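Structural overview for review
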Amino acid sequence: MNERDSETAAALLSARGYRICNDELDADIIIFNTCSVRDQAERKAVGKIGIIKKIKREKTALIIGVMGCMAQRRGEELFKELPHLDFILGTDQLHSIAEIVDEIVKNRRKLVADAQNSSFPDSIDTHMAVETGDFSAYIAVMRGCNRFCSYCIVPYVRGREKSRLMDDIVKEARLLAEKGIKEIMLLGQNVAAYGHDGMPPPKSMSEGDSPFGELLAAVSEIEGIKRIRFTSPHPAYFNDALINAIVSLPKVCKSVHLPLQSGSDSILKAMNRPYTAERFYEIASKLRSLCPDITFSTDVIVGFPGETEEDFIATRELMNKVGFENAFIFKYSPRSGTASAKMNDDVPQELKEARNKILLEDLSKRAAESNRKLVGETVEVLVEGPSKRNVERWSGHTDSKRLAVFDNPGNLKVGDFVQVKVTRASSSTIFGDIL
Ligand code: 5AD
Ligand code: SF4
C-alpha cells in the first residue's frame, strides 16, 4: 500500500507539473513515504531524513516532506527531531499533496496536515504505471483496518475500514487494461474485508457470501487483464465463497498470501487473531485440495510476548505442514498505543533472532526443493524485462510468483506471455529456455 501511495503522490504531483527525478541530489523537493509497523522502519526513515540535512545546508531552497504512517503517528512532534523538515502529511491527506507542496513552494512556511479524515476520496485513479509503460498496476480497493491485532499500529495510523465502490474499481481496472496493463494487484490493509463495511468476519467456513470474491469475479471479466493478485487478506475472511472464487477464476493467480502470524493458539489469542492453527490449516488445505498447484506465502511474528519454545515449535511445524514457499518473518517490535505494548516484551532479542533464522532456513530449503521439482516442466511467464542480476538475460514471474530467468531471443516485449521449459533451479529462481 505504501508503494501505491508513493505512486499516487508521484502521479498527483506530475499532474500538477512537477517532474520526478532519479537522484535525490538533483531534486528540489524530497518526500519520504514512511512505515510505522516496526520501530526499525521508523528509525531507518528518521536516519535517512537526517542525512538529507547536509544537502539542505548547501541547497537552502530544498523542500523536504514526510508522508505515510510515521507522519500520521508522530505528526508535528517530528519537527522537534527533524527541524529541517518543511511538511508533514498524514495518511488521510494524501489527496492534497499537490496543493500542500504548491503552498510551501509559494509561501515557504512549515505545514502539518495530519487530520484523520473519514471522507478520504474514494478514488485516486491516476497511475504512474501507465506512463512508465509498466505491465502491472496496483489498485487500492479498501483502506484502513478494523481488526486491531494486539501488536499492530495500522488501525491507529490508517483509520477504520473503508471500501470503494465496485463499479469505480472495475472502471479503473478497465482503463488500465486499455493502456496495456496486464496484471492488477488489488490492495487493502485488510483486503478480504472488502465490502464488509466493518462487519465482523463469517464465523464458519460455510457461512456468508464474499464481497471480495465478487470483486475478483468482476475484475476477471475485463479483457486485457490476464492476472489478478491481491494483498493482504486476513484468514478470518476466508469462507467457502471466497475460496471458490479464488480457485475457480482462472485469472486469479494461484499464489495466495495468507498471514499466519503464529501457529500457537494461545499466542494467536493474545494477538487478537480470531482463528486457531487448525482453522488456518483447514483454509490452506481446502485451497490446495481444490487447486493442487497453489502456492502460499505468509507473514509470521517471532518473539511475541510470552512466546515459549513450544509456541515457536507449533509455528514452525504449521509452516512446514502448509509448505509456505515464501514468508516475511518479523521479530516482534512493541508499538506504543497498541494492546500488546502493555505486555511484557519478554523474549530476549537473541532468541527472536535465533527463531527468525530457523524459520528462514526452513523456508529456503523448502523453496529450493519445490523449485527443483519444476526442472523439466514448462511454466507460463509474464515477461518483465532484463533480469536485475544479469541484464544479458530476461526475467518474469510465473502465476505462482516464482522468478524465472531466460534468454531473450530478441523479439520479447515487457508484458508478453511466454512458455519457459525449466532447466535449472535455485531456492529463489528458476532458469530455463523459451519454447
Ligand atoms: N512487530 C513485528 N511485526 C509486526 N507486524 C505488524 N506489527 C508488528 C509488530 N509490532 C508484521 C505482521 C504484519 C506485517 C505487515 O508486519 O506480520 O502482517
Ligand atoms: Fe494490522 Fe493486518 Fe491485524 Fe489489521 S489485520 S490490525 S493491518 S495485522
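First things first, this report covers the structure right here in the doc. All values reported here derive from a predicted model rather than from experimental measurement.

The rules behind these values
- Residues numbered from 1 in each chain as written.
- Chains lettered and ligands numbered in written order.
- Predicted model: local features only at pLDDT ≥ 70, side-chain atom pairs only at ≥ 80, totals over all residues.
- Heavy atoms only, no water.
- Near = heavy atom within 4 Å.
- Nonpolar A, V, L, I, M, F, W, Y, C, P; charged D, E, K, R; others polar.
- Disulfide = S-S within 2.5 Å.
- Buried < 20%, exposed > 50% of the residue type's maximum accessible area, 1.4 Å probe, protein only.
- Helix = DSSP H or I, 4+ residues; strand = E, 2+ residues; numbered from the N terminus.
- Arc of directions from axis to C-beta.
- Contact = heavy atoms within 4.5 Å.
- Phe/Tyr/Trp six-rings, centres within 6.5 Å; stacked < 30°, edge-to-face > 60°.
- Lys NZ or Arg CZ within 6 Å of the ring centre and 35° of its normal.
- Salt bridge = Lys/Arg side-chain N within 4 Å of Asp/Glu carboxyl O.
- 1 Å grid on protein atoms, 1.4 Å probe; cavity = no way out; pocket = protein on both sides within 12 Å on 5 of 7 lines; lining within 4 Å.
- Points joined across faces, edges and corners; volume = space filled by probe spheres on them.

**Quick look at the site of ligand 2**
If you check the shell around ligand 2, you find Cys145, Arg147, Phe148, Cys149, Tyr151, Cys152, Val154, Pro155, Gln189, His234 and Arg273 and nothing else. Classifying every residue of the shell around ligand 2 gives 7 nonpolar, 2 polar and 2 charged.

**So, the state of the cysteines**
Across all of its chains, the model carries 0 disulfides by this definition. In this structure Cys69 is a free cysteine whose sulfur lies 6.1 Å from that of Cys35, the closest cysteine sulfur available.

**As for helix H10 (residues 240-248)**
Taken as a whole, H10 has its buried residues at Leu242, Ile243, Ala245 and Ile246. In an axial view of H10, the angular spread of the buried residues amounts to 160°, which keeps them on one side of the axis. Where H10 is buried, its residues contact helix H9 (211-220), strand E9 (227-231), strand E10 (255-257) and helix H12 (277-290).

**Focus: the packing of aromatic side chains**
Each pair of aromatic rings is reported with the distance of its centres and the angle of its planes. Counting across every chain of the model gives 7 aromatic pairs. With a centroid separation of 6.0 Å and an interplanar angle of 40°, the aromatic rings of Tyr275 and Phe280 are classed as tilted. A single burial state applies to Tyr275 and to Phe280, both of which are buried. Cluster of aromatic residues (ring-pair linked, three or more members): Tyr151, Phe304 and Tyr332. For the cation-ring pair, Lys321 lies above Tyr281, with the distance from its terminal atom to the ring centre recorded as 4.2 Å. Seen from the ring of Phe431, Arg424 lies directly overhead, with NZ or CZ sitting 4.0 Å from the centre.

**As for the pattern of salt bridges**
Across all of its chains, the model carries 26 salt bridges by this definition. Between Arg158 and Asp5 there is a salt bridge, and its shortest N-O distance comes to 2.9 Å. With Arg158 in helix H7 (residues 154-158) and Asp5 in helix H1 (residues 2-15), this pair connects stretches of sequence that are 153 residues apart. Like Asp5, Arg158 is buried. Salt bridges here are not isolated pairs; linked through shared partners, they connect Asp39, Glu42, Arg43, Arg73, Arg74, Glu77, Glu81 and Arg335.

**Observations concerning the environment of Gln93**
Along the chain, the position of Gln93 falls in the loop between strand E3 (87-89) and helix H5 (97-107). The class of Gln93 is buried, set by a relative accessible area of 12%. Between the alpha carbons of Gln93 and Leu13 there is a distance of 14 Å; along the sequence they are 80 residues apart.

**A closer look at the layout of surface pockets**
Taken as a whole, the second largest pocket encloses approximately 910 Å³ of empty space. If you trace the second largest pocket, you find 28 residues lining it, with Arg19, Ile20, Cys21, Ile29 and Ile31 closest to the centre. Contributions of two or more residues to the lining of the second largest pocket are made by H1, strand E1 (29-34) and helix H2 (39-58). Of the residues contributing to the lining of the second largest pocket, the split by class is 14 nonpolar, 6 polar and 8 charged.

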